[in-house]
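Chains, contacts and geometry: an overview
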Amino acid sequence: MDKENTKENRLFTFDGRPAFTEVMPLGLQHVVAAVVGIVTPGLMIAKICGLNASDTRLIIQTSLVFSGLATLLQLFPLFRRFGARLPMMMGASFAYVPILLSIGADFGIGAIFGSQLVGSVVVIVIGLFIDKIRILFPPIVTGTVILSIGLSLFPVAIKYMAGGAGNPWYGTPHNWLVALVTFAVVFYLNHFGKGLLKLSSILVGMVVGYILAFFMGIVSFDAVATAPMFQMIQPMHFGFEFKLVPIMTLIIMFLVDAVQSVGQFTATTVSAMERQPTNQELSGAIMGSGLTNFIGSFFGSVPCATFGQNVGLVIATKAINKYILVFASSILLLAGFLPKIAGLLTTIPYGVIGGATISVFATIAMTGIRTIANEKLTPENTTVVGLSLAFGAGIVMSEGALAGFPEWVTTIFGNSEVILTTILAIVFNLILNQPLRKKKTNRETENLQKQVKKNASVPAPANSK
């Protein structure tokens, strides 16, 4: 094997030591794929809560800092308990946004972080007992969850390609031109490129799209000009408020996100490492996420979770080396303390991001399909998948379907197919496949076999006269 191939292979092992020139483009891919997703939730929450420019920038900073810290914790577990030691990018999650906006509008910014503080403690407890409840998440369930995650991201990519929902220029041809050129470059390099050029297809496509957008006058540098050079994050700046309804609502979301994390980490290990995650890895993953969000609530960071688009990058490239994500985390931390860098990252147009990530989201959905297909497609399993997706996606696509229910019902179940699909997949699997009963039967059989074996090993007593 030649020297070049040896270097490349190091990118595909977790503890390999590739050259910095190989790590940098792959790390930048993760940054550009995640940064808008990290920054945007904070912007939306700041707007709904009526925060001023300084507080808005502070939320963005803390979201960047804690996204970097959460990723590092997954790479290098604390006390061997908090973190998975797996190549997972973490960041401020869009999954929480509808609920956080509702809490912020009705109860204020302090209620968001008070609810986050309590919810993160619940997540840590769940992580401690994940080995006991993992039976609820067999491949047929996690595959369904992964598929629903991919499907839920398709509209996000399309809206980005059209210029970002709410943008005055949304849906105009020039946004689509930038998006399609970006997509074409990514598509060509991903399927016909070689070596690092192939691995860096997302980054190269975004650079080309960004340059095109710049000459078309789409890129604005106002955010860079108005940002200060340096600013520290501030503990307890937003304070805490503890109110029952926000706390219970966010706890439900944290529980669902724990299930999503199982799916995301499973997708990473199955597709990029060709194995199932261990109980210890899943426990560490969930506890690490809980610890980060617990500390983040004191500083005003939006809840962090696994990033589907970055899972897709890992799956697409198979590049699982920890130093790739160390580099990405370092950029996020640097951007968090240097607001001008954060401002520069936010100048990437939505069209560029959408054109670069739609193939990534497709990869996530296909990973879910492959996970499902690897199971026996019995009538029970097909029912679990089909009905879960039918209800989950169907309700989200049917605007106003839950209009007669309390608003919190729509907030939790009507804004993301992932939540309802996940819950129903677990319920239908329990009813149809009865994993708990089978586990009990298997345990009884194993105990009986051990007893028979033990009795067989005891010599029979000699016959007495």
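Residues numbered from 1 in each chain as written. Predicted model: local features only at pLDDT ≥ 70, side-chain atom pairs only at ≥ 80, totals over all residues. Heavy atoms only, no water.

**Structural notes on the packing of aromatic side chains**
Inspection of every chain in the model, using the stated rule, returns 11 aromatic pairs. Ring centres of F20 and F327 lie 5.6 Å apart, and the angle between their planes is 70 degrees; on these two criteria the pair is classed as edge-to-face. Placement of the pair is F20 in helix α2 (residues 20-48) and F327 in helix α15 (residues 322-337), with a sequence separation of 307 residues. The class of F20 is exposed, set by a relative accessible area of 52%. The class of F327 is buried, set by a relative accessible area of 15%. Measuring from ring centre to ring centre gives 5.6 Å for F66 and F299, while their planes differ by 45 degrees; the resulting arrangement is tilted. Of the two residues, F66 is situated in helix α3 (residues 53-75) and F299 in helix α13 (residues 279-299); the sequence distance between them amounts to 233 residues. For F66, a relative accessible area of 5% corresponds to the buried category. Connected via pairs of aromatic rings, a cluster forms that spans F240, F242, F294 and F298. (Phe/Tyr/Trp six-rings, centres within 6.5 Å; stacked < 30°, edge-to-face > 60°. Helix = DSSP H or I, 4+ residues; strand = E, 2+ residues; numbered from the N terminus. Buried < 20%, exposed > 50% of the residue type's maximum accessible area, 1.4 Å probe, protein only.)

**Regarding the side chain of Q116**
Mapped onto the elements of the fold, Q116 is located in helix α5 (residues 109-128). Setting aside residues no more than four positions away along its own chain, Q116 makes contact with L250, F254, N293, G296, S297, S301, V302 and P303. (Contact = heavy atoms within 4.5 Å.)

**A few points about unusual backbone geometry**
At R80, a position not held by glycine, the phi torsion is positive, near 60 degrees. The residue R80 is located in the loop between α3 and β1 (90-92) in this model. At E274, a residue that is not glycine, the phi angle is positive and equals roughly 60 degrees. You can see E274 is positioned in the loop between α12 (244-272) and α13.

**A short note on the nonpolar core**
Judged by nonpolar contacts, the single largest core of 100 residues is most densely connected at L64, I109, I112, M206 and L250. Looking at this core element by element, the count peaks at 10 residues for α2. Ignoring any residue separated from it by four or fewer positions in sequence, one finds I112 in contact with I45, C49, L100, I103, G104 and L250. Listed in part, the six residues of the second largest apolar core include L26, A319, I324 and F327. (Core = buried A, V, L, I, M, F, W, Y, C linked by side-chain atoms within 4.5 Å.)

**Digging into α5**
An ideal rise of 1.5 Å per residue puts 28 Å on 20 residues; α5 measures up with 30 Å between its terminal C-alpha atoms. Taken across its 20 residues, α5 has 15 buried, putting it largely inside the fold. (Expected span 1.5 Å × (residues − 1).)

**What to know about the confidence of the model for the chain**
In this model, the chain carries a mean pLDDT of 83, and residues with pLDDT of at least 70 account for 90%. The least confident element of the chain is helix α1 (residues 3-10), whose mean pLDDT is 57; the most confident is helix α18 (residues 379-397), at 93. Contacts for the low-pLDDT stretch residues 1-5, under 50 throughout, to residues beyond four places or in other chains number two contacts. (pLDDT = per-residue confidence, 0-100.)

**Brief notes about the environment of F240**
Turning to its location among the elements, F240 is positioned in the loop between α11 (222-226) and α12. In sequence terms F240 and F76 are 164 residues apart; their C-alpha atoms lie 30 Å from each other. With residues up to four places along the chain from it excluded, the contact list for F240 reads G110, F113, G114, L117, S297 and F298.

**Re the packing of helix α7 (residues 139-161) against helix α20 (residues 417-432)**
Axis separation between α7 and α20 bottoms out at 9 Å; the angle between their running directions is 165 degrees. Between α7 and α20, the interaxial angle falls into the category roughly antiparallel. Seen along the crossing, α7 lies across α20 with a hand that is right-handed. Contacts between α7 and α20 pair I140, V141, T144, V145, S148, I149, L151 and S152 from the former with E417, V418, T421, T422, A425, I426 and N429 from the latter. Residue composition of the contact of α7 with α20, by class: eight nonpolar, six polar and one charged. (Axes fitted to C-alpha atoms, helices over the stretch in contact; angles between N-to-C directions. Parallel < 35°, antiparallel > 145°, perpendicular 65-115°, else oblique. Left-handed = near helix turned anticlockwise from the far one by under 90°. Nonpolar A, V, L, I, M, F, W, Y, C, P; charged D, E, K, R; others polar.)

**Some remarks on the pattern of salt bridges**
Under the criterion given, the structure shown has four salt bridges. Of the charged contacts in the structure, one is a salt bridge between R275 and E281, with a shortest N-O distance of 2.8 Å. Taking the relative accessible area as the measure of exposure, R275 reaches 30% and is therefore partly exposed. Salt bridges sharing common partners tie together D15, R85 and K322. (Salt bridge = Lys/Arg side-chain N within 4 Å of Asp/Glu carboxyl O.)

**Quick notes on the environment of T266**
Here T266 shows up in helix α12. Sequence separation of T266 and I146 is 120 residues, and the distance between their C-alpha atoms is 9.0 Å. Sequence-distant contacts of T266, that is, excluding residues within four places in its chain, are made with T142, Q276 and P277. A polar contact is formed between the side chain of T266 and the backbone oxygen of V262, at a distance of 2.5 Å. (Polar contact = N/O pair within 3.5 Å; in protein donor to acceptor, adjacent residues only side chain to side chain.)

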